[in-house]
Amino acid sequence: MSWKIGSVTIEHPTVLGPMAGVTDLPFRLLCHEQGAGLVVMEMISAKAITYHNSKTRELMATDPKEAPVSLQLFGHEPDVMAEAVKHIEEEPFDILDVNCGCPVPKIVNNGEGSALMKDPALIEKIVAALVAATDRPVTVKIRRGYDFDHLNAVDCAKAAEQGGASAIAVHGRTRSQQYAGEADWSCIADVVQAVHIPVIGNGDVADGPSAKRMLDTTGCTAVMVARAAEGNPWIFHEINEYLENGKQVEGPTKREIVQTILRHARMLIDLKGERTGMQEMRRHAAWYLQGFPGAGKLRSRINQVTTLDEMEKVLHDAFPYA
């Protein structure tokens, strides 16, 4: 079930969507190991790259074992976006993605993210500038529209294709919906019919059956999973097995989940140090433990830990055989 974005071959029709503060290197590696065909980094400010911001450089950490990986940029000025790419041409990412879907007010109010959908012509200019600045495939992530009065995913997708984009990801919600309500997959099908490049469907894919329904009903090439992967990197294995073999596999055991929490924590510590790594791991641990008996009390205890040893003790007290 391999497919291609430009010259990049992707083994599975599953994509880990970009999430700020979530899709960092450790989490992407875990998802890739479970079968995510393509992983997308958390969005990076083009302007911050041109300013040589040190924290931005940290966000761009990659590992050969996660390839193929896509770096997502946000910005609204074609020349700044193109200049940023020149600063990162030596970075080992495989694909460059343009964020035209982020609904966060501080991004939108600066004319970036989903605000770009108000001006399809600007999307075309940004993509064209990036295509001229890099040999890597350029992709674009959009939403159904900015709001229900402007459902223009097709216009934005066509503009991106005209600018030279190699693929389009479409989230079936408007910017005004944020992440609430049900995703409308019909806009994904409309984009599939309107362009001649791969379309990645996004929104409400939570398991193998929902992934297959999206592929079947929209005709999209691949599915993007974001929030459903939080605390659940195994979802990519589940989806791939269902799509390729029609099998619904069992989820991870408690032992596997606990071991993965601790491994994830160690990976974060290796990358960011124990203080920052453990602060960030608290949120991941809460996601991993959803549905566990007594999860609320357990999360409260984990939110107090500051070291890996403390987290190990909390988990081993709760699950002595894990």
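So, a few notes on the structure that sits alongside this text.

So, how was this worked out
Residues numbered from 1 in each chain as written. Predicted model: local features only at pLDDT ≥ 70, side-chain atom pairs only at ≥ 80, totals over all residues. Heavy atoms only, no water. Axes fitted to C-alpha atoms, helices over the stretch in contact; angles between N-to-C directions. Helix = DSSP H or I, 4+ residues; strand = E, 2+ residues; numbered from the N terminus. Parallel < 35°, antiparallel > 145°, perpendicular 65-115°, else oblique. Left-handed = near helix turned anticlockwise from the far one by under 90°. Contact = heavy atoms within 4.5 Å. Salt bridge = Lys/Arg side-chain N within 4 Å of Asp/Glu carboxyl O. Buried < 20%, exposed > 50% of the residue type's maximum accessible area, 1.4 Å probe, protein only. 1 Å grid on protein atoms, 1.4 Å probe; cavity = no way out; pocket = protein on both sides within 12 Å on 5 of 7 lines; lining within 4 Å. Points joined across faces, edges and corners; volume = space filled by probe spheres on them. Nonpolar A, V, L, I, M, F, W, Y, C, P; charged D, E, K, R; others polar. Phe/Tyr/Trp six-rings, centres within 6.5 Å; stacked < 30°, edge-to-face > 60°. Lys NZ or Arg CZ within 6 Å of the ring centre and 35° of its normal. Core = buried A, V, L, I, M, F, W, Y, C linked by side-chain atoms within 4.5 Å.

### As for the packing of helix α4 (residues 78–87) against helix α6 (residues 120–133)
Two elements in contact, α4 and α6, have axes separated by 8 Å at closest approach and are oriented at 25°. Classified by the angle between their axes, α4 and α6 sit roughly parallel to one another. Considering how the two elements wind past one another, α4 and α6 form a crossing that is right-handed. Contacts between α4 and α6 pair P78, M81, A82 and V85 from the former with L122, K125, I126, A129, L130 and A133 from the latter.

### Some points on the pattern of salt bridges
A side chain of one charge can pair with a side chain of the opposite charge if their charged atoms are brought near each other. For the coordinates displayed, the defined rule picks out 14 salt bridges. For K47, the salt bridge identified is with E77, shortest N-O distance 3.1 Å. Of this pair, K47 sits in helix α2 (residues 46–50) while E77 sits in the loop between β6 (69–74) and α4, and the two are 30 residues apart along the sequence. Owing to a relative accessible area of 26%, E77 belongs among the partly exposed residues under this scheme. Close ionic contact of D184 with R144 constitutes a salt bridge, the shortest N to O distance being 3.1 Å. With D184 in the loop between β9 (167–174) and α8 (186–194) and R144 in strand β8 (residues 138–145), this residue pair connects regions lying 40 residues apart in the sequence. For D184, a relative accessible area of 22% gives the class partly exposed. With relative accessibility at 16%, the residue R144 sits in the buried group. In this structure, a network of salt bridges that share partners links the residues D24, K272 and E280.

### Section: the layout of surface pockets
The computed volume of the largest pocket comes to approximately 740 Å³. For the lining of the largest pocket, the secondary structure elements donating two or more residues are β5 (44–45), α3 (54–59), β6, α5 (105–108), β8, β9, β11 (222–225) and α12 (274–288). Of the residues in the lining of the largest pocket, the class split is 20 nonpolar, 10 polar and nine charged. Taken as a whole, the second largest pocket encloses approximately 230 Å³ of empty space. Along the walls of the second largest pocket sit D24, L25, E42, K55, E58, L59, A61, L271, K272 and E280, which together make up its complete lining. At the level of secondary structure, the elements contributing two or more residues to the lining of the second largest pocket comprise α3 and α11 (254–272). Ranked by the residues each element gives to the lining of the second largest pocket, the list is headed by α3, at three residues.

### Describing the packing of aromatic side chains
Evaluation of the coordinates by the stated rule reveals two aromatic pairs. For the ring pair W234 and Y288, a centre distance of 6.0 Å and an interplane angle of 75° mean the geometry is edge-to-face. Residue W234 is located in the loop between β11 and α10 (235–245), and its partner Y288 is located in helix α12; the two are separated by 54 residues in the primary sequence. Look at F292 and F319: their rings are 5.2 Å apart centre to centre, the planes differ by 85°, and that puts the pair in the edge-to-face class. Of the two residues, F292 is situated in the loop between α12 and α13 (295–302) and F319 in the segment after α14 (308–318); the sequence distance between them amounts to 27 residues. The pair formed by F292 and F319 is uniform in burial state, with each residue classed as buried. Looking at K254, its charged tip hangs above the ring of F292, at a distance of 5.6 Å from the centre.

### Focus: the nonpolar core
The biggest cluster of nonpolar side chains holds 68 residues, and the ones touching the most others in it are V140, I142 and I168. With seven residues, the top contributor of residues to this core is α6. One finds W234, A295, L298 and M311 within the second-largest nonpolar core, a separate group that totals 27 residues.

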